[in-house]
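Analysis of the macromolecular model
So you can see what is in the structure, the chains are spelled out below.
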Amino acid sequence: MKSVIKKIIYKLKLKNLLFPIYRYFIINPSMKKRIKDYNLYNKELLLVVDDILSKTGYSYWLNYGTLLGAYRDKQFIASDNDLDIGMFLEYHDEVKNLLIKGGLNLFSIMEFPDFGFVEYRFEYKNTFIDINFYTIDITSNLLITYDGNFIDNIDYSEKYKKHEILVEKVENPYSGFSKYLFLGRFFLIPSNVDDYLTANYGENFLEPIKGNFDYHNVALNLTCYSREESIGYFTRYF
């Protein structure tokens, strides 16, 4: 029934008009299950990734909501729905193959051809981990990556087809990395973690947000490009 409703809404381009129905029948149930699975398997997934990357010598750091939860709450954020890590861009090809060989499913790739960046999402037991890849601007001491936003009325659930996404540049203050104890293991986090989280979540990042959260309402480090300025691509594989 859900799939039928979804096809009709997309085919008739009624997603915005019928958003309350769309949200009730499609978004809410699937997101609730995703959050439930996330809370069941987030630790297992992070440790699986850590085992794979640590054994092969690829450095990574806790990022976005995973970093915020580890630093602020000393645990995962229960209302979150995926894990986040950061890595350097030069590793992206090798890391993709390593994680696939390690038993993770490549769920999707975001590509930003104007800037030469990618972002990967992997799936494990219906739990997801996003890998943002970064470069360092040594003149301004910034860690730079690119992220994507979905465009209304595009069905991103379609597999093996590139769909356009909007592009945004993310700049984080950089001063190296430090080891941080979390889940009984040491993980890398930004040495300037307070400044890093302020850039991503605003000056009140230590105060949990109640209700709906939109990263764009609090982040201080974004440059959003119009469709005419730059376009990226999203491809789903799993």
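Residues numbered from 1 in each chain as written. Predicted model: local features only at pLDDT ≥ 70, side-chain atom pairs only at ≥ 80, totals over all residues. Heavy atoms only, no water.

Let's shift gears to a nonpolar patch on the surface. Residues Tyr160, Tyr237 and Phe238 make up a contiguous nonpolar surface patch of roughly 340 Å² in combined accessible area. On the secondary structure map, Phe238 appears in the segment after strand E11 (232-236). (Patch = residues over 30% accessible without salt bridge, like charges linked within 9 Å, V, L, I, M, F, W, Y side chains within 5 Å. Areas by Shrake-Rupley, 256 points an atom, 1.4 Å probe, with all protein chains shown as cover. Salt bridge = Lys/Arg side-chain N within 4 Å of Asp/Glu carboxyl O. Helix = DSSP H or I, 4+ residues; strand = E, 2+ residues; numbered from the N terminus.)

Further remarks concern the packing of helix H3 (residues 64-73) against helix H5 (residues 193-201). Direction vectors running N to C along H3 and H5 enclose 130°, while the axes themselves pass 11 Å from each other. Here H3 lies oblique to H5, going by the angle between them. Considering only the axes of H3 and H5, their crossing is left-handed. Here Tyr64, Gly65, Leu67, Leu68 and Tyr71 of H3 come into contact with H5, specifically with Val193, Asp194, Tyr196, Leu197, Asn200 and Tyr201. In the contact of H3 with H5, the residues fall into eight nonpolar, two polar and one charged. (Axes fitted to C-alpha atoms, helices over the stretch in contact; angles between N-to-C directions. Parallel < 35°, antiparallel > 145°, perpendicular 65-115°, else oblique. Left-handed = near helix turned anticlockwise from the far one by under 90°. Contact = heavy atoms within 4.5 Å. Nonpolar A, V, L, I, M, F, W, Y, C, P; charged D, E, K, R; others polar.)

Positioned with a positive phi, Asn153 is a non-glycine residue whose angle comes to about 70°. Structurally, Asn153 can be placed in the loop between strand E6 (142-149) and strand E7 (163-173).

Let us look at the side chain of Lys169. Its place among the elements puts Lys169 in strand E7. Using a relative accessible area of 19% as the deciding quantity, one classes Lys169 as buried. (Buried < 20%, exposed > 50% of the residue type's maximum accessible area, 1.4 Å probe, protein only.)

On average, residues of the protein score 91 in pLDDT, and 88% of them are at 70 or above. Segment residues 18-27 is flagged for pLDDT under 50; beyond a separation of four residues in sequence, or across chains, it makes 14 contacts in the model. (pLDDT = per-residue confidence, 0-100.)

In this structure, the second largest pocket occupies an estimated 190 Å³ of space. As for the second largest pocket, its lining consists of Asp50, Ser54, Tyr58, Ser59, Tyr60, Lys179, Phe186, Phe187 and Leu188. When residues of the lining of the second largest pocket are traced back to their parent elements, those giving at least two are helix H2 (19-56) and strand E9 (185-190). Per-element accounting of the lining of the second largest pocket gives the leading share, three residues, to E9. Partitioned by chemical class, the residues of the lining of the second largest pocket number five nonpolar, two polar and two charged. (1 Å grid on protein atoms, 1.4 Å probe; cavity = no way out; pocket = protein on both sides within 12 Å on 5 of 7 lines; lining within 4 Å. Points joined across faces, edges and corners; volume = space filled by probe spheres on them.)

So, about the pattern of salt bridges. A full pass over the atoms with the stated rule returns eleven salt bridges. Here Asp51 and Arg185 are joined by a salt bridge, their closest N and O atoms 2.8 Å apart. Of this pair, Asp51 sits in helix H2 while Arg185 sits in strand E9, and the two are 134 residues apart along the sequence. Residue classification places Asp51 among the partly exposed positions, given a relative accessible area of 32%. Judged by relative accessible area, which is 27%, Arg185 ranks as partly exposed. Here the residues in one salt-bridge network are Arg34, Asp82, Arg121 and Asp130, joined through shared partners.

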